[in-house]
Amino acid sequence: MPTLSRTDVEHVAQLARLGLTDAELTLLEGQLNHILEQYAKLAELPTDEIPPTAQVIELENILREDIVTPSLPVEEVLANAAAASAGYIVVPAILGGD
């Protein structure tokens, strides 16, 4: 598998608008090449019999039963509102108007 040269790393850093020092470029070059080496090892694994998946673990929704309970009285809810009118909470208009 081809490796990244320092020029490659500098180019990618420039594209990402990263101002890296020489020491950071050297470190990053080594780290990125190590990642590519590890990926090459993974690519050698026989995966033909493994079906493609979007999740590596099974997902399960944990739902609770819907239980009907009494809600707050309207008067108590409206007492907490900054403004109320005719049994409704009044909020500022967001699409023009009054």
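Per chain, residue numbering runs from 1 following the sequence as it is written. Totals for whole chains, interfaces and linings use every residue, but because this is a predicted model, local features are given only for residues with pLDDT of at least 70 and side-chain atom pairs only at 80 or more, for both listing and counting. Side-chain metrics in this entry use all non-hydrogen atoms of the structure; hydrogen atoms and water are not considered.

### Digging into the environment of Ala84
Thought 1: Secondary structure follows DSSP: runs of H or I at least 4 residues long count as helices, runs of E at least 2 residues long count as strands, and numbering of each begins at the N terminus. Within the element layout of this structure, Ala84 appears in strand 1 (residues 84–85).
Thought 2: With a 1.4 Å probe rolled over the protein chains alone, any residue whose accessible area is under 20% of its type maximum counts as buried; one over 50% counts as exposed, and the rest are partly exposed. Accessibility expressed as a relative area gives 44% for Ala84, which makes it partly exposed.
Thought 3: In this analysis, two residues are considered to be in contact whenever any of their non-hydrogen atoms come within 4.5 Å of each other. Setting aside chain neighbours within four positions, we find Ala84 in contact with Leu78, Ile89 and Val90.

### A short note on the packing of helix 1 (residues 6–15) against helix 2 (residues 22–43)
Thought 1: Only the stretch in contact is used when fitting a helix axis, every axis being a line fitted to C-alpha atoms; angles between N-to-C directions are given from 0 to 180 degrees. Look at helix 1 against helix 2: their axes get within 9 Å of each other, and the N-to-C directions meet at 110°. With respect to helix 2, the axis of helix 1 lies roughly perpendicular. Between helix 1 and helix 2, the contacting residues are Arg6, Val9, Glu10 and Ala13 on the first element and Asp22, Leu25, Thr26, Leu28, Glu29 and Leu32 on the second.
Thought 2: Partitioning the contact of helix 1 with helix 2 into residue classes produces 5 nonpolar, 1 polar and 4 charged. The labels follow the angle: roughly parallel below 35 degrees, roughly antiparallel above 145, roughly perpendicular from 65 to 115, and oblique for the rest. Nonpolar residues are Ala, Val, Leu, Ile, Met, Phe, Trp, Tyr, Cys and Pro. Charged residues are Asp, Glu, Lys and Arg, and all others, Gly as well, are polar.

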